[in-house]
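Chain residues, written in single-letter form:
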Amino acid sequence: MEARMKAPTAILPEATKGIQSILKAVYQGGAPQRTLELVHLRVSQINGCSACAYGGVDSAKKAGETDERLHAVAVWRESPLFSEAERAALALSEAATRIADRSGDAVPQEVWDEAADHFDESQLSAIILMIATTNLFNRLNAVTRQPAGATWA
């Protein structure tokens, strides 16, 4: 598949500054980096963003993630490879990404409570911002058909 255009952040590079500031805060929020990378990958899988899924695997490996666990992210509920905290982060990622799939609370209370049992407010903020930023990247890339391996700036 061929890209429809350059990445919007390449055309409007000032947008990159804000995104980079958010990501800097995310990685300083205290959530484990491997958890943040799993969140990024799962959100990208849900949204079908090949560029972000490709980049997410690369980032996760650099953070020390294993191939075995990366292969199991899409089926994390059935896999014994993830901790309870990681499962809570992945469930929150799915709920926050699939807001339109439910009525009532955007994120079910039980999903929130499980995440809050494992992460403090700073860590939760980092995870939520990673979810939101990944959804932003996914939409930019999917709309413009950015290929796997594409860079966003």
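Now for a quick tour of the structure. (Residues numbered from 1 in each chain as written. Predicted model: local features only at pLDDT ≥ 70, side-chain atom pairs only at ≥ 80, totals over all residues. Heavy atoms only, no water.)

1. So, unusual backbone geometry
- Backbone geometry at Arg145 places phi at a positive 60°, although glycine is not the residue there.
- In this structure, Arg145 sits in the segment after helix H8 (121–144).
- We classify Arg145 as partly exposed; its relative accessible area is 35%. (Helix = DSSP H or I, 4+ residues; strand = E, 2+ residues; numbered from the N terminus. Buried < 20%, exposed > 50% of the residue type's maximum accessible area, 1.4 Å probe, protein only.)

2. A closer look at the environment of Leu124
- Turning to its location among the elements, Leu124 is positioned in helix H8.
- Assessed through its relative accessible area of 4%, Leu124 is described here as buried.
- For the pair Leu124 and Trp112, spaced 12 residues apart in sequence, the C-alpha to C-alpha distance is 9.7 Å.
- Ignoring sequence-local partners within four residues, the contact set of Leu124 consists of Leu92, Trp112, Ala115, Ala116 and Phe119. (Contact = heavy atoms within 4.5 Å.)

3. As for the environment of His40
- Assignment of secondary structure puts His40 in helix H3 (residues 33–47).
- In this structure His40 comes out as buried when scored by relative accessible area, which is 10%.
- With 19 residues separating them in the primary sequence, His40 and Ser59 have C-alpha atoms 9.4 Å apart.
- Discounting chain neighbours no more than four positions away, the residues touching His40 are Cys52, Gly56, Met130 and Thr134.
- Polar side-chain contacts of His40 include one of 2.9 Å to the side chain of Thr134. (Polar contact = N/O pair within 3.5 Å; in protein donor to acceptor, adjacent residues only side chain to side chain.)

4. As for the nonpolar core
- Judged by nonpolar contacts, the single largest core of 28 residues is most densely connected at Leu36, Leu38, Val39, Phe82, Leu92, Ile127 and Ile131.
- Sorting the residues of this core by element identifies H3, helix H4 (50–62), helix H5 (67–72), helix H6 (84–97), helix H7 (109–118) and H8 as the ones contributing at least two each.
- No other element matches H6, which puts six residues into this core.
- Apart from residues lying up to four places away in sequence, Ile127 is in contact with Ala31, Leu36, Val39, Ala89, Leu92 and Phe119.
- Within the second largest apolar cluster, six residues are counted, among which are Ile19, Cys49, Ala51 and Cys52. (Core = buried A, V, L, I, M, F, W, Y, C linked by side-chain atoms within 4.5 Å.)

These results come straight from atomic positions and should not be treated as a statement about function.
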